[in-house]
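# Notes for the structure review
Given next are the chains, with one letter for each unit.
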Amino acid sequence: MSVSEKLAKTKSFMQTVFLHDEYYVDAILASFASRSNLCLLGFRGSGKTHAMECLCKMIDKACVATQQGYLSAELEDVFARPDIPSLMRGEEKVVWKDMVMARVKAFDEIQRLGVGALSAMFRLMTSGTVMYFDQEAGVKEFWVVATANPTELTEDSLNVRLPEPLWDRFDAVCWVPIAPLKYQIKINGRVEKAKEALPVIWKEQDLLTLWKEVSEVEVDERIEYVITLINRILGFCRKAQNYDASSLTEQQKRELCSQCNTSYVCAQIARPPSVRAKLALTKLAKGFAFLRGAKKVDLVDIEKAFPLVYWKRIALMDESQTANRLERLRALAKELMTEIREVKKAMDLVEDLKGKFDINKYRELEKWVNSKIWLTEVKEDLDAYFDSIRQQLRMKAKEADVKTRYKIYILAKLKLPPEMAKEFELCEGVEIELTNENLAKLATIDAELFKEAKQAMEKGFTKYVLQGEYAYKWVLRE
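These numbers were taken from a predicted model, which means no experiment stands behind them. (Residues numbered from 1 in each chain as written. Predicted model: local features only at pLDDT ≥ 70, side-chain atom pairs only at ≥ 80, totals over all residues. Heavy atoms only, no water.)

## Looking at the overall build of the protein
Put simply, the test is: Here a strand is any run of E in DSSP of at least two residues, a helix any run of H or I of at least four, and the numbering for each starts at the N terminus. Using C-alpha atoms as the atom set, the radius of gyration is obtained and then compared with a globule rule of 2.2 Å times the number of residues to the power 0.38. Only protein chains enter the accessibility calculation, which uses a 1.4 Å probe; a residue is then buried when its area is under 20% of its type maximum, exposed when over 50%, and partly exposed in between. The contact rule is simple, with two residues in contact once any of their heavy atoms fall within 4.5 Å. Method for areas: the Shrake-Rupley scheme with a 1.4 Å probe, in which residue coverage is limited to the protein chains shown. Positive charges come from Lys and Arg alone, negative charges from Asp and Glu alone, with His and the N- and C-terminal ends not counted. For the purpose of locating charges, the reference atoms are NZ of Lys, CZ of Arg, CG of Asp and CD of Glu.
When helices and strands are counted, the protein shows 24 helices and 13 strands. Computed over C-alpha atoms, the radius of gyration of the protein comes to 32 Å, more than 25% over the 23 Å expected from 2.2 N^0.38 for 478 residues, which places it beyond the range of a compact globule. Counting only C-alpha atoms, the protein reaches 115 × 60 × 50 Å along its principal axes. Out of the 478 residues belonging to the protein, those deemed buried represent 49%. The contacts of the protein with a sequence gap of at least 6 include a subset with a gap of at least 24, amounting to 73%. As displayed, the protein offers around 23,800 Å² of accessible surface, 52% of which is attributable to carbon and sulfur atoms. Side-chain charges in the protein split into 74 positive and 72 negative, and the spacing between the mean points of these groups amounts to 2 Å.

Structure below.
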C-alpha cells in the first residue's frame, strides 16, 4: 500500500472516530503529512486531545512519545535526566527520554508544562535537538503535535502563558471548536470502542517515506511568488525601517495605520508575521496538495493552509470585534489573493521596464504604487535595478573610446530613465572614413548630411566628423 493510500485510509478511520467537520480532519492530516508542527487549540471537551490520540493510535507505538502537561513537569521529566549512579562517580551520563528520539512527539495541554520543559521544547522545535549537560540528542525528521487550552489562562493558576517565539515554531495552529449538534448526537460509547480498535497503519519507514514524498510536491515559481507576496504584504509598513512592520510595537503599528490609508490591506494587521510564516505556508500547502492527490501546490492549497499558519502569527486591528476568526482569516486570504491578481499588470510593467525603459509605463507603475502601497518596495527595487545598470555603464565608459561611449549612450537611452541616460551624452564627434559605402549610410540618416559629406569628399577630404544626433544615429546603424 502506497503512503498516499495509507493517508486516505487514515482519513477514513479518523472520520469515524473524530466526529467533526472535514476541515479539521484535513488540517490535522495535512500537518501530519507535511511534518508541519501542529498545535490544536480549544476549550475543554472540544475533542482536540481525542483527535491527537486517535491519530497517534494509528502510528506504531515505537515511533510515538506522549507527554501530559502539568506545571511541575520540567526538562528532566519530559526530555532527559542524569544517570544518578554515573553522576555519583563524577561522570555526566545522560538518560534520554523517549520523547527526544521519537518520530512523533505528542504533547497534551502544553500550557501546563513547566518553564524548563517549554524551553527545551522551544530548542527541539528550532534545532531538532535537546541539550542537557552539554550533550545533545535528537532525530532529524520528526513531527510535533500538541494541544493547548488558552482559555484556562485566566481561570487557572496552574497554567503558563506560552511565549510568542514558541508559537512561531508551530507551523500550524488549529482552533478546534466543540462539534456541531449533528456530530454531538452521534458521540457515544461506540466512538471510544472504535478508537480502541483503530489499526496501526504507520510504521517508521512509512512515516519517512510519507514525509519525503510530501516534501517533493512541486511549488512552481508562480505559487512561490504568491506565498512570498502574501507574507510581505502582511508585514509591510511604509513608515517602518525597510518597510518592516515587525520593527514596530503593536501600539505603534495601530497609531501609524490610523494616520494612513485604511483601504490598504496592511492596515488590517496590528502585529505582523515573521519570515518563518512563509516557510510554514509553503510546507503546509504541500500537505494539503498531497492530501487531495496532487503533485503540485495550487492556490486552493494556500487558501486552506493560510488560517492555520497565521492563526497565532498575526493580530488583527479588529481582533476584539472578530467572533469567527476562522472565517475572518479565510476572508483575508481571499482578499490577499485578489490583491495579488490585481497587481499582475503592475508586475508585468516592471518586467517590461527592465527590458526597455518607457516613460509612460513608468508613470503607470507609479499610479499602481499609489493604490497598492506595498508596491513601493517593488518600484524601489526597479529603481535600484536602473542604478545598477548605470553603475555598470559608468565602469565601461571609463576606458572606452568615443565610438564605444556612443554605444554606451545608446544603451543608456534604451535601458535607463531619461535623467539617468543624460549622464552618458557626448559632446565629442565620431570620425568616419569618407567612402562611397559610408556616403550611402549617411544618405539613410539625413539628406543634407549626405550632401555636405559628399561635397567634402569631392574636395579631397578623406575624413569626416559627425556631431550630436548624427553621431548617435551613425553608431546606431553600425
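Still more to cover.
## Points about the nonpolar core
How we decide: Put simply, buried Ala, Val, Leu, Ile, Met, Phe, Trp, Tyr and Cys residues joined by side-chain atoms within 4.5 Å make one nonpolar core.
If you look at the biggest cluster of nonpolar residues, it comprises 143 residues, and the most contacted ones within it are Phe-79, Met-121, Phe-170 and Ile-230. By residue number, the principal contributor to this core is helix 2 (residues 22-34), which donates nine residues. Setting aside its immediate chain neighbours within four residues, Ile-230 contacts Leu-281, Ile-302, Phe-306, Tyr-310, Leu-336, Met-337 and Ile-340. Counting residues in each nonpolar core, the second largest holds 15 residues, with Leu-439, Leu-449, Ala-471 and Trp-474 among its members.

## Side note on the packing of helix 22 (residues 436-445) against helix 23 (residues 447-458)
Filter applied, for reference: Throughout, an axis means a line fitted to C-alpha atoms (over the contacting stretch in the case of helices), and angles, computed between N-to-C directions, take values from 0 to 180 degrees. With respect to orientation, any angle under 35 degrees is reported as roughly parallel, any angle over 145 as roughly antiparallel, any angle of 65 to 115 as roughly perpendicular, and every other angle as oblique.
The contact between helix 22 and helix 23 brings their axes to 8 Å, and the two run at 155°. Viewed along their axes, helix 22 and helix 23 adopt a mutual orientation that is roughly antiparallel. Listed contacts from helix 23 to Asn-436, Leu-439, Leu-442, Ala-443 and Ile-445 of helix 22 are Leu-449, Phe-450, Ala-453, Lys-454 and Met-457.

## With respect to the packing of aromatic side chains
Threshold: Aromatic rings from Phe, Tyr and Trp, with only the six-membered ring used for Trp, were paired whenever their centres fell within 6.5 Å, and each pair was classed as stacked if the ring planes differed by under 30 degrees, edge-to-face if by over 60, and tilted otherwise. Cation placement over rings: the criterion is NZ of Lys or CZ of Arg within 6 Å of the ring centroid and within 35° of the ring normal.
Evaluation of the coordinates by the stated rule reveals 12 aromatic pairs. With 6.1 Å between their ring centres and 55° between their planes, Tyr-385 and Phe-386 make a pair best called tilted. Ring pairing ties together the aromatic residues Phe-357, Tyr-362, Tyr-385 and Phe-386, which thus form one cluster. Positioned above the aromatic ring of Trp-311 is the side chain of Arg-325, whose terminal nitrogen or guanidinium carbon lies 5.4 Å from the ring centre.

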